[in-house]
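# Understanding the architecture of this molecule
Okay, here's what each chain looks like letter by letter:
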Amino acid sequence: MFKNKIFILIVSILIAITLILTAAFVLWNFMEKNNESKDPAAKAQDAVASVKPTKAPSAEAVKANTAIIKDILTNLSGSQNFIKISFAFELENAKGKAEFDSLLDSAVKGTIVQALGDLTKDQIEGSKGSDSLTSTLMNKLNPLLHEGKIKQIWITDKVLQ
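Residues numbered from 1 in each chain as written. Predicted model: local features only at pLDDT ≥ 70, side-chain atom pairs only at ≥ 80, totals over all residues. Heavy atoms only, no water.

## Quick word on the packing of aromatic side chains
As a reminder, the rule being used: Stacked, tilted and edge-to-face pairs are distinguished by plane angle, under 30 degrees for stacked and over 60 for edge-to-face with tilted covering the rest, among Phe, Tyr and Trp rings (Trp via its six-membered ring) whose centres lie within 6.5 Å. Note on classification: 1.4 Å probe, protein chains only; a residue is buried when its accessible area is under 20% of the maximum for its type, exposed when over 50%, partly exposed between these limits.
Scanning all chains against the criterion turns up 2 aromatic pairs. Ring geometry for Phe87 versus Phe89: centroids 5.7 Å apart, planes at 40°, classification tilted. The burial state of Phe87 is the same as that of Phe89; both residues are buried. When the centroid spacing of 4.9 Å and the interplanar angle of 45° are considered together, the rings of Phe89 and Phe100 count as tilted.

## Comments concerning the sheet that holds strand E1 (residues 66-75)
The condition is simple: A pair of strands counts as paired when DSSP detects no fewer than two bridges linking them. For helices the rule is a DSSP run of H or I covering at least 4 residues; for strands it is a run of E covering at least 2, with both sets numbered from the N terminus onward. All axes are obtained by fitting lines to C-alpha atoms, using only the stretch in contact for helices, and the reported angles, taken between N-to-C directions, cover 0 to 180 degrees. The contact definition used throughout considers only heavy atoms, calling two residues in contact when any of these lie within 4.5 Å.
Sheet architecture is open: 3 strands sit in the order E1-E2-E3, paired in antiparallel fashion. Single-partner strands in this sheet number two, and they are E1 and strand E3 (150-160). Taking each pair of neighbouring strands and ignoring which way they run, the sheet shows an average axis angle of 20°. Its contacts with the sheet put helix H4 (residues 94-117) on E1, strand E2 (82-91) and E3, and the angle it makes with E1 is roughly 25°. The sheet contacts of helix H6 (residues 126-141) involve E2 and E3, and relative to E3 the element is tilted by about 135°.

## Digging into the layout of surface pockets
The line we're drawing: Points on a 1 Å grid, built from protein atoms alone, make a cavity when a 1.4 Å probe fits but cannot get out and make a pocket when they are open with protein on both sides within 12 Å along at least 5 of 7 lines; residues with an atom within 4 Å of a point are the lining residues. Grid points are joined across faces, edges and corners, and a volume is the space filled by probe spheres set on the points. Amino acid classes used here: Ala, Val, Leu, Ile, Met, Phe, Trp, Tyr, Cys and Pro are nonpolar; Asp, Glu, Lys and Arg are charged; the rest, including Gly, are polar.
If you add up the space inside the largest pocket, you get close to 230 Å³. Lining the largest pocket are 14 residues; nearest its centre among them are Thr134, Ser135, Met138, Gln152 and Ile153. Contributions of two or more residues to the lining of the largest pocket are made by helix H2 (40-49), H6 and E3. Of the residues contributing to the lining of the largest pocket, the split by class is 7 nonpolar, 5 polar and 2 charged.

## Digging into the pattern of salt bridges
Filter applied, for reference: By definition, a salt bridge exists where a carboxyl oxygen of Asp or Glu is found within 4 Å of a side-chain nitrogen of Lys or Arg.
If you walk through the whole model with that rule in mind, you get 2 salt bridges. Among the ionic pairs, Glu90 bridges to Lys151, the shortest N-O distance being 3.5 Å. Taken together, the positions of Glu90 in strand E2 and Lys151 in strand E3 put the pair 61 residues apart, joining distant regions of the chain. The partner of Lys97 in a salt bridge is Asp101, and the shortest N-O contact between them spans 2.8 Å. Residue Lys97 and its partner Asp101 are located together in helix H4, separated by 4 residues, close to a single helical turn. Overall, Asp101 belongs to the partly exposed group, its relative accessible area being 33%.

## Points about the nonpolar core
Put simply, the rule is: Definition used in this section: a nonpolar core is a set of buried Ala, Val, Leu, Ile, Met, Phe, Trp, Tyr and Cys residues joined via side-chain atoms within 4.5 Å.
The biggest cluster of nonpolar side chains holds 25 residues, and the ones touching the most others in it are Phe89, Phe100, Ile112 and Ile150. Elements with a minimum of two residues in this core: E1, E2, H4, H6 and E3. Residue contributions to this core peak at 6 residues, all from H4. Setting aside anything within four residues of it in sequence, one finds Ile112 in contact with Ile69, Ile72, Phe87, Phe89 and Leu137.

Now the structure itself:
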């Protein structure tokens, strides 16, 4: 009888510890999700911060790892305005650029057109609008890439009408 009480006590303690650890794990994950920023600029900065720093690449290396998309023409949200825009995407390595190029005609251009379609003329005007657009694109495109990440996005040409 004494052995049964000790056994029941040990099992009860183990169950209690398991429940406490499970609750702590769930609470930890919930708090981490609440700490994530909803600002696209902050998310883009976090994505760039996760890129491992290396020595400054040469101009040839930057050119080799840069993909250029020219003349995307699409309507803006809620108006008769449209935009014609070109981008240069610098990726962190050659494998990332190759993967980016393979996704260029489908996922990349589709994501760009979708992001532009959600913006109004007022939201995209000026340097603040350009920064917001590049941050949004970086947040949407980096998860599509597995071999490398986008380091920088430049708007090389922009015409609003």
